Amino acid sequence: MPPEFLTLQEIVAAARANLAPGPWNYLIGGAETETTVRRNRQALDSIAFRPRVLRDVSQVNTSAQFLGKPVRLPVLLAPIGGMESFVEGGAAGAARAAAQFGVPQMLSSVCQPGLEATAAAADALRCYQLYVRGDDAWIDDHVRRARDHGYTAFCLTVDVAMYSRRERDMIGGFVKAWRATAPAGSHYQSGLSWDQVKHFKDKHRMPLIIKGIATAEDAEIAVQHGVEVVYVSNHGGRQLDHGLGSIAVLPEILKAVAGRAEVWVDGGFMRGTDVVKAIALGATTVGLGRLACLGLGAAGVPGLVRALEILEDEIRICLGLLGVTSLAELSPKILAAAAPVASPGTLSAFPLLGE
Ligand SMILES: Cc1cc2nc3c(=O)[nH]c(=O)nc-3n(C[C@H](O)[C@H](O)[C@H](O)COP(=O)(O)O)c2cc1C
């Protein structure tokens, strides 16, 4: 039996104790100066709440919709390459936790044990994220395989035109096979353009998610191409350094999209309050990257399930204290700008860790 964690702080501490330095640094690190990583947290910490009171919150519902399907929380297990570094069974473990708890999983194409075996591991609500390493026919083949294995949507991650310099991994000698200097086919990723998006939309009926949108301009082009989901992300600060925090760019993207597609977001989301802020702004789903891996690293599948249970409790309490009984009642009116109180970092949402 895994330890009965009461807090996310304990889960993060357990993951840090369990993971060897290579996987740990790979997980928490970002590109170059890690400024984008910090800005993700800084932007979340720059939003405060304006709670309403005396509104009968004896029944609070945290459930949401994910591409039209009911889910327990408005969150998604974001695509993670190399999850096998954090837990035996890699993405299959994440799929089991997703199914057990009741949230969707997005599988990365550079994660073991692969598309077919992950689908067979558990009946999770799932979608598939592809790093493009081939031509249109190669992409079409992956779309077919994903659809045949019950993946309900397809995602192209578009913030990896170049592989970034992750100095923690370089210095520590922890370099994943697909991030070696020139992995086979990586020039296809650099050569991607809206042509591939057009090809996908012309050829396939599967919902398409474009992950890695960071400006209103690109959100507009995505919508014009008929994309179902604009996924606002800076890859958890692991790609372009000196970007803006994800939640800081969310409002301009929501404004540009204007309801013509769903808008999802990730980057630095570690707490229930973080998730509530994004939903209040108008996002429909929040991706969890490192937090999901920390749960797996802490205690495997039960560790991730426990992390999600605690997150659910945090969201429920936050909604109740804001005076709302469901996510649908949230609006930007409950938010206010505020100066952050802590120095931001990957784990700054867990202030007891250093003690
Ligand atoms: C270890 C690790 C591996 C990742 N691998 C992928 C990947 O294969 N594909 C992808 O689209 N994003 C990948 N990402 C980015 C996540 O999907 C997500 O955008 C990011 O982690 C969100 O930020 P957060 O970790 O602060 O929650 C990875 C992130 C981490 C931490």
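Relevant structure appears above.
No experiment lies behind these values; they were computed from the predicted model shown. (Residues numbered from 1 in each chain as written. Predicted model: local features only at pLDDT ≥ 70, side-chain atom pairs only at ≥ 80, totals over all residues. Heavy atoms only, no water.)

Considering the pairing of strand β7 (residues 151-157)
The side chains of a regular strand alternate, residue by residue, between the two faces of the sheet. Stated formally: Think of it in three bands: with a 1.4 Å probe and only protein chains considered, a residue is buried below 20% of the maximum accessible area for its type, exposed above 50%, and partly exposed in between. Runs of E in the DSSP output that reach at least two residues are strands. Runs of H or I that reach at least four are helices, and both are numbered from the N terminus. Here, a strand pair is defined by DSSP locating no fewer than two bridges between the strands. Here, the term right-handed applies to a crossover whose path from the first strand over the helix to the second runs clockwise when the strands point away from the viewer.
In terms of burial, β7 is a largely internal element, six of the seven residues being buried. As judged from the four bridges shared by strand β6 (residues 126-130) and β7, these two strands associate in the parallel manner. Each bridged residue has a counterpart across the sheet, and for Arg126 the counterpart in β7 is Tyr151. Handedness of the crossover is the feature at issue here: the chain leaves β6, passes through helix α6 (residues 136-148), returns alongside β7, and the resulting connection is right-handed. Sheet analysis places β7 next to strand β8 (residues 208-213), joined by four bridges and oriented parallel. Bridge pairing in β8 places Leu156 opposite Ile210.

Quick word on the packing of α6 against helix α9 (residues 194-203)
What counts, and what does not: Between N-to-C directions, angles cover 0 to 180 degrees, with each direction set by a line fitted to C-alpha atoms, over the stretch in contact for helices. In these notes the angle categories are as follows: under 35 degrees is roughly parallel, over 145 is roughly antiparallel, 65 to 115 is roughly perpendicular, and the rest is oblique. Each crossing is labelled by how the near helix is turned from the far one, with a counterclockwise turn of less than a right angle marking it left-handed and a clockwise turn marking it right-handed. Two residues qualify as a contact provided that any one of their heavy atoms is within 4.5 Å of a heavy atom in the partner residue. Any residue that is not Ala, Val, Leu, Ile, Met, Phe, Trp, Tyr, Cys, Pro, Asp, Glu, Lys or Arg is counted as polar, Gly included; the first ten are nonpolar and the last four charged.
Remark: α6 packs on α9, axes separated minimally by 11 Å, with the N-to-C direction vectors making an angle of 45°. With respect to each other, α6 and α9 are oriented oblique. The handedness of the crossing between α6 and α9 comes out as right-handed. Facing α6, whose interface residues are Asp136, Ile139, Asp140 and Val143, α9 presents Gln196, His199, Phe200 and Lys203. The residue makeup of the contact of α6 with α9, split by class, is three nonpolar, two polar and three charged.

Structural notes on the site of the ligand
Selection criterion: For each residue, the test is whether any non-hydrogen atom lies within 4 Å of the molecule or strand; if one does, the residue is near. Definition of a polar contact: a pair of N or O atoms within 3.5 Å, with one able to donate and the other able to accept a hydrogen when the atoms are protein atoms, and with sequence-neighbouring residues admitted only if both atoms are side-chain atoms. Areas reported as accessible are Shrake-Rupley estimates using a 1.4 Å probe. Residue values count occlusion only from the protein chains shown.
Pro79, Ser108, Thr157, Asp266 and Gly268 are the nearest of the 22 residues found near the ligand. Take Tyr131: an N or O atom from its side chain is 2.9 Å from a nitrogen atom of the ligand. Between Arg290 and the ligand, the recorded distance is 2.8 Å, taken from a backbone N or O atom to an oxygen atom. A total of 600 Å² of accessible area belongs to the ligand in isolation, and the protein chains cover 98% of it. Looking at the shell around the ligand, its residues break down into eight nonpolar, 10 polar and four charged.

A closer look at the environment of Pro74
With respect to the secondary-structure elements, Pro74 resides in the loop between β3 (69-71) and β4 (75-77). The residues touching Pro74, leaving out its near neighbours within four places in the chain, are Thr62, Ala64, Val275, Ile279, Thr284, Thr285, Val286 and Leu327.

Let's talk about a positive patch on the surface
Which entries qualify depends on this criterion: Like-charged residues are merged into a patch within 9 Å and nonpolar side chains (Val, Leu, Ile, Met, Phe, Trp, Tyr) within 5 Å, provided each residue has over 30% relative accessible area and no salt bridge. Between Lys or Arg on one side and Asp or Glu on the other, a salt bridge is scored when a side-chain nitrogen of the former is within 4 Å of a carboxyl oxygen of the latter. Note on charges: Lys and Arg go in the positive column, Asp and Glu in the negative column, and His and the chain ends are not counted at all. Each charge is placed at NZ for Lys, CZ for Arg, CG for Asp and CD for Glu.
Where like charges cluster on the molecular surface, the positive patch consists of Arg50, Arg52, Arg55 and Lys333. Mapped onto the secondary structure, Arg50 falls in the loop between β1 (47-49) and β2 (64-66).

Topic: helix α2 (residues 21-28)
Count 3.6 residues to each turn of an α-helix, and residues three or four apart come out pointing the same way. The set of residues buried in α2 consists of Pro23, Trp24, Tyr26, Leu27 and Ile28. Among the structural elements, α1 (8-18), α7 (167-172) and α13 (290-322) are those in contact with the buried residues of α2.

Description of the pattern of salt bridges
This model, assessed by the stated rule, comprises 16 salt bridges. As a salt-bridge pair, Asp274 and Arg41 come within 2.7 Å of each other at their nearest N and O atoms. Of the two residues, Asp274 is situated in helix α12 (residues 272-281) and Arg41 in helix α3 (residues 35-45); the sequence distance between them amounts to 233 residues. Residue Asp274 shares its accessibility class with Arg41, and that shared class is buried. Measuring nitrogen to oxygen at the nearest pair gives 2.4 Å for the salt bridge that ties Arg144 to Asp141.

Any functional reading would require information beyond the geometric quantities listed.
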